[in-house]
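Listed here are the chains, written in short residue letters.
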Amino acid sequence: ADGRVIATPYAKQLAKDLKVDLATVAGTGPNGRITASDVERTAKGGAAPAPAAAPAAAAPAATAPAAAAPAAPAAAAKGTTVAELRGTTKPFTSLQAAVARNMNESLKVPEFRVTMSIETDKFDALYKRLKPHGVTMTALLAKAVGVALASHPVMFAACTPDGNGITYNERINVALAVAMPDGGLITPVLKDADKVDIYQLSRNWADLVKRARGKQLQPDEYNSGTFTISNLGMYGVDTFDAILPPGTAAIMAVGGSKPTVVATADGLIGVRKVMQVNITADHRIVYGADAAEFLQTLKSVIESPDQLLL
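Below is a summary of the structure that appears in this document. Worth saying up front: this structure is predicted, and the values here are computed from it rather than measured.

Focus: the overall build of the chain
Along its length, the chain carries 8 helices and 11 strands. The 310 residues of the chain split such that 39% are buried. Long-range pairs, those at least 24 residues apart, make up 61% of the contacts in the chain with a sequence separation of at least 6. Within the structure as shown, the chain displays about 16800 Å² of accessible surface, and the carbon and sulfur contribution to it stands at 56%.

A few points about the nonpolar core
Counting residues in hydrophobic clusters, the biggest one holds 56 residues, and the most contacted among them are Phe227, Ile279, Phe294 and Leu298. Top contributing element to this core by residue count: helix H6 (residues 137–149), with 8 residues. Setting aside residues up to four positions removed in sequence, Phe294 forms contacts with Val145, Ala148, Leu149, His152, Met155, Phe227 and Ile279. Of all hydrophobic cores here, the second largest spans 11 residues; its members include Ala7, Leu14, Val20 and Ile34.

Re the pattern of salt bridges
Considering all chains together, one arrives at 14 salt bridges under this definition. A salt bridge links Asp192 to Arg171, with the nearest nitrogen and oxygen atoms 2.8 Å apart. With Asp192 in the loop between strand S7 (189–190) and helix H7 (198–213) and Arg171 in the loop between strand S3 (166–167) and strand S4 (174–176), the pair connects residues that are 21 residues apart, well separated along the chain. The buried category is assigned to Asp192, whose relative accessible area is 19%.

Some remarks on unusual backbone geometry
Within the chain, Lys19 stands out as a residue other than glycine whose phi angle is a positive 60 degrees. Following the sequence through the fold, Lys19 ends up in the loop between helix H1 (9–18) and helix H2 (36–43). For Asp192, which is not glycine, the phi dihedral falls at a positive 55 degrees.

Quick notes on the packing of H1 against H2
Close contact between H1 and H2 brings their axes to 8 Å; oriented N to C, the two are set at 20 degrees. The angle between the axes of H1 and H2 places the two elements in the roughly parallel class. Classified by chirality, the crossing of H2 by H1 is right-handed. Contacts between H1 and H2 involve Tyr10, Ala11, Leu14, Ala15 and Leu18 from the first element and Ala36, Val39, Glu40 and Ala43 from the second.

Here we look at the side chain of Asp124
Tracing the backbone through its elements, the reader meets Asp124 in helix H5 (residues 121–130). On the basis of relative accessibility, which here comes to 14%, the residue Asp124 falls in the buried class. For Asp124, the side chain forms a polar contact with the side chain of Lys273, separated by 3.2 Å. In this view, Asp124 contacts Met137, Ser257 and Lys273; residues no more than four positions away in its chain are not counted.

Remarks on a nonpolar patch on the surface
Among the surface-exposed residues, Val261, Ile269 and Val271 lie close enough to one another that they form a single nonpolar patch of about 330 Å² accessible area. Following the sequence through the fold, Val261 ends up in strand S10 (residues 258–263). Val261 sits in the exposed class, given a relative accessible area of 60%.

Thoughts on H1
Residues spaced three or four apart along an α-helix point in a common direction, a consequence of the helix completing one turn every 3.6 residues. When we look at burial in H1, the residues that qualify are Tyr10, Ala11, Leu14 and Ala15. Considered in projection along H1, the buried side chains sweep an arc of 135 degrees and stay on one side of the axis. Looking at the buried residues of H1, the elements they touch are H2 and helix H3 (82–85). Positive backbone phi, approximately 60 degrees, marks Lys19, located one or two places after H1.

Here's the deal with the side chain of Lys143
Structurally, the position occupied by Lys143 is in helix H6. For Lys143, which is buried and forms no salt bridge, the nearest opposite charge comes from Asp194, at a distance of 6.7 Å. Non-local contacts of Lys143, meaning those with residues more than four positions away in its chain, are made with Ala193, Asp194, Lys195, Val196, Asp197, Ile198, Leu201 and Leu308.

With respect to the pairing of strand S9 (residues 250–254)
Across the 5 residues that make up S9, a large majority, 5, are buried. Covered by surrounding structure in S9 are Ala250, Met252 and Val254 together with Ile251 and Ala253, the residues of both alternating faces. Pairing geometry for strand S8 (residues 227–231) and S9, over 4 bridges, is parallel. What sits directly across from Ile229, in S9, is Met252. Relative to strand S11 (residues 269–282), S9 runs antiparallel, the two being bridged by 5 bridges. Bridge pairing links Ile251 to Thr280 in S11.

Cut-offs and rules
- Residues numbered from 1 in each chain as written.
- Predicted model: local features only at pLDDT ≥ 70, side-chain atom pairs only at ≥ 80, totals over all residues.
- Heavy atoms only, no water.
- Helix = DSSP H or I, 4+ residues; strand = E, 2+ residues; numbered from the N terminus.
- Buried < 20%, exposed > 50% of the residue type's maximum accessible area, 1.4 Å probe, protein only.
- Contact = heavy atoms within 4.5 Å.
- Areas by Shrake-Rupley, 256 points an atom, 1.4 Å probe, with all protein chains shown as cover.
- Core = buried A, V, L, I, M, F, W, Y, C linked by side-chain atoms within 4.5 Å.
- Salt bridge = Lys/Arg side-chain N within 4 Å of Asp/Glu carboxyl O.
- Axes fitted to C-alpha atoms, helices over the stretch in contact; angles between N-to-C directions.
- Parallel < 35°, antiparallel > 145°, perpendicular 65-115°, else oblique.
- Left-handed = near helix turned anticlockwise from the far one by under 90°.
- Polar contact = N/O pair within 3.5 Å; in protein donor to acceptor, adjacent residues only side chain to side chain.
- Patch = residues over 30% accessible without salt bridge, like charges linked within 9 Å, V, L, I, M, F, W, Y side chains within 5 Å.
- Arc of directions from axis to C-beta.
- Lys, Arg positive; Asp, Glu negative; His and termini not counted.
- Pairing = 2+ DSSP bridges.

Have a look at this one:
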């Protein structure tokens, strides 16, 4: 042997997380390859099972004994196969743990939801015009939301910690949920989305995403949002519910835009591109009419989007 340690990508990541030296692990996979189960067994102080009399090319990797603690969902290392994840336990990353804590906090807030359909033909046409100039769809959507929010201050407000009042924020800071490669979510913030021009907003977004992927954001760049957008439209999702981030009044879930048969203003039948947007709001400070009126304004902005260039 040349001294190299042969291990699956997930086994290597798990060994790093559990502080296990791979040189001390006996591999039970094909040709002695170390699997995640082998790493877990070594971390618990267990011995490797006796090897088979002869290696079988199609023999599956040995399975570790069931862990005492329930398995926690976690992101797979890039390149890890589904088979390598089965029967394993991986601790949360610090980011995943923070997300879990926030989700638990959100259960304490009485929420309600309002959905509206919005035609996007003109919005999509504007994006195609601006894309060659570096404008992104994410920034354009954030700009539209920022402009709409300016007329509805309760939608970017917050309930006071004692639950007895409303804090109206001075700035419209739009946070956008971004999935991280190693698990968890982070919400980079486009500050003053109602005031910053769409070109600068797009440059700001590109910079935020680049630094978010490199885990270089400052806390104020991901925890200062006063309204949040979660967009799954690029995955072909039509509509979904988003969970309200603690300390904010509302979050908007955005579905994909697709051709839809609609009744036109002149009473005829036509085909328009339509997307579904769904508001989840804190019912302590936002009422149904508030959310509906905001969505009406947003609908007006997106369906007549040239105002976003002003």
